[in-house]
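Breakdown of the fold
Residue-level listing of the chains:
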Amino acid sequence: MSALLFALVAAFTLSIGARDQLLIADLRARLGSSPGLLAAGVSSAAGTGALAGWAGGEFAALLSVNTAQMFVAMALLLASFELAWPNRGKPPAEPTRSLFAIGLGLALRQVTDAARFVVFALGAALAFPQMAALGGAIGGVAAVATGYILGERLRALPHRAVRLGLAGIVFVGAMLIGISVRLY
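Residues numbered from 1 in each chain as written. Predicted model: local features only at pLDDT ≥ 70, side-chain atom pairs only at ≥ 80, totals over all residues. Heavy atoms only, no water.

**Structural notes on the confidence of the model for the protein**
Model confidence for the protein is summarised by a mean pLDDT of 93, while 100% of its residues fall at 70 or above. Across the protein, the element-wise mean pLDDT spans from 92 in helix α2 (residues 19-31) up to 96 in helix α7 (residues 129-150). (pLDDT = per-residue confidence, 0-100. Helix = DSSP H or I, 4+ residues; strand = E, 2+ residues; numbered from the N terminus.)

Here you go:
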């Protein structure tokens, strides 16, 4: 149960101001309210969140305990760098109306975002990667739905400061795990 809760909270929190959340908000603002747009966003978020948790569990099963813990530290380090990286994405000038293209674009952004890196790390670190996958999927869906609901108002929020603070927290976690693996 803790894997589900940790992954859910991590996926939602680390998706604040993420590229996928801003893209879905921009698309809603430009294209209007659409159940298809929401469905494309929700399905890509659920799929990538579940994939990250599952892949983390499968990868950790191949490694020794210390190696898996060091891998978790590296995944958290990547997540902290992604959080600190400035998001210079602009709203699309001529957005597509193709739901497949929107879903694919969102999925490609989500596969390499901080939330999925952390869900991957939780899937590798915790006993039940299936619960981490479920939590990552639910948290990702909640983040995309929040972006869809807020629409253009999402751009007015102070994402950069929040993401830098989260980057610092995740970086410290990565360092603590890495040092504990090296010492023990």
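Back to the write-up after that little detour.
**Points about helix α3 (residues 35-61)**
Over its 27 residues, α3 extends 39 Å from the first C-alpha to the last, a length consistent with the 39 Å expected when each residue adds 1.5 Å. Burial in α3 covers these residues: Leu37, Ala40, Gly41, Ser44, Ala45, Thr48, Gly49, Ala52, Gly53, Gly56, Gly57 and Ala60. On its buried face, α3 is in contact with α2, α4 (65-84), α5 (99-111), α6 (114-125) and α7. (Expected span 1.5 Å × (residues − 1). Buried < 20%, exposed > 50% of the residue type's maximum accessible area, 1.4 Å probe, protein only. Contact = heavy atoms within 4.5 Å.)

**Focus on the environment of Val172**
In this fold, Val172 is placed in helix α8 (residues 159-183). Between the alpha carbons of Val172 and Leu23 there is a distance of 29 Å; along the sequence they are 149 residues apart.

**Considering the environment of Thr146**
Along the chain, Thr146 turns up in helix α7. We classify Thr146 as partly exposed; its relative accessible area is 25%. Taking the C-alpha atoms as reference points, Thr146 and Ile24, separated by 122 residues in sequence, lie 9.4 Å from one another. When sequence neighbours within four positions are dropped, the list of residues in contact with Thr146 reads Phe12 and Gln21.

**Things to note about the packing of α3 against α6**
Running from N to C, α3 and α6 cross one another at 40°; their axes reach a closest spacing of 6 Å. For the crossing formed where α3 meets α6, the hand is right-handed. Contacts between α3 and α6 involve Ala45, Thr48, Gly49, Ala52, Gly53, Ala55, Gly56, Gly57, Phe59 and Ala60 on the former and, on the latter, Arg116, Val119, Phe120, Gly123 and Ala124. Residues belonging to the contact of α3 with α6 are distributed by class as follows: eight nonpolar, six polar and one charged. (Axes fitted to C-alpha atoms, helices over the stretch in contact; angles between N-to-C directions. Left-handed = near helix turned anticlockwise from the far one by under 90°. Nonpolar A, V, L, I, M, F, W, Y, C, P; charged D, E, K, R; others polar.)

**Some thoughts on α2**
When the terminal C-alpha atoms of α2 are compared, their 18 Å separation across 13 residues agrees well with the 18 Å that a helix rising 1.5 Å per residue should span. Along α2, the residues classified as buried are Asp20, Gln21, Leu22, Leu23, Ile24, Ala25, Asp26 and Leu27. Packed against the buried residues of α2 are α3, α5, α6, α7 and α8.

**Thoughts on the side chain of Gln21**
Within the element layout of this structure, Gln21 appears in helix α2. If sequence neighbours within four positions are ignored, Gln21 has contacts with Ser15, Ile16, Ala143, Thr146, Gly147 and Leu154.

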